[in-house]
Amino acid sequence: KDNEFKYLSNVKKLLEIEQLINNGDKEKAAEGILSLKDFKFNDVEQQKYQALYEKIIPQLAAELYYKGYNLYKAGKYGEAIDIFNKVLGYNIKNDQYQYALYLIAKCYQFQGDNINAASYYNQLINYFPASKYAKYAANRLNELQKN
């Protein structure tokens, strides 16, 4: 009985997420989608979940990435870090994700927070060792160690 209630409750959430998307509230829709990522739907509902995910998450991640990049370029490092961390939360392991990790580290470095900078550079190197950004991160880590 409890499982059935939970299932129906999560199906209702899917419908609410679709409504949020239709109303243009992408970030709230994305939060809802991510909150259901570990739930096991049956075939039809799983297809619905997947369609909603693909409709909103990659697009929102890209939009936030560019917003973060513009904040970074404007020297608004704290705001850029917040936005880039949202991008990382969408967990799309593409070039933008890797560059967001790198730029978060640079933002921390520009703010004089070398501990957090090193942490993000190391994450990038550990998760994406073959990435061109990992090479940049290694160079930045060397700079930090010299200071």
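Residues numbered from 1 in each chain as written. Predicted model: local features only at pLDDT ≥ 70, side-chain atom pairs only at ≥ 80, totals over all residues. Heavy atoms only, no water.

Caption draft 1: Main features of the pattern of salt bridges. Inspection of the entire model under this criterion finds 5 salt bridges. Across the pair glutamate 27 and lysine 86 runs a salt bridge whose closest N-O atoms are separated by 3.0 Å. Residue glutamate 27 is found in helix α2 (residues 26-35), and its partner lysine 86 is found in helix α4 (residues 77-89); the two are separated by 59 residues along the sequence. A salt bridge links arginine 140 to glutamate 143; its shortest N-O distance comes to 3.7 Å. (Salt bridge = Lys/Arg side-chain N within 4 Å of Asp/Glu carboxyl O. Helix = DSSP H or I, 4+ residues; strand = E, 2+ residues; numbered from the N terminus.)

Caption draft 2: Unusual backbone geometry, seen in detail. At asparagine 91, a position not held by glycine, the phi torsion is positive, near 55°. Tracing the backbone shows asparagine 91 in the loop between α4 and α5 (95-110). Take asparagine 91: its relative accessible area is 43%, and that puts it in the partly exposed class. (Buried < 20%, exposed > 50% of the residue type's maximum accessible area, 1.4 Å probe, protein only.)

Caption draft 3: Geometry of helix α7 (residues 132-146). Spanning 15 residues, α7 covers 22 Å between terminal C-alpha atoms, matching the ideal 21 Å at 1.5 Å per step. For α7, the full list of buried residues reads Tyr133, Ala134, Ala137, Arg140, Leu141 and Leu144. All buried residues of α7 project into a common sector of 120° when viewed along the axis, lining one side. Away from the buried face of α7 by more than 90 degrees, exposed residues Lys135 and Lys146 are located. In the core, the buried residues of α7 are packed alongside α5 and α6 (114-127). (Expected span 1.5 Å × (residues − 1). Arc of directions from axis to C-beta. Contact = heavy atoms within 4.5 Å.)

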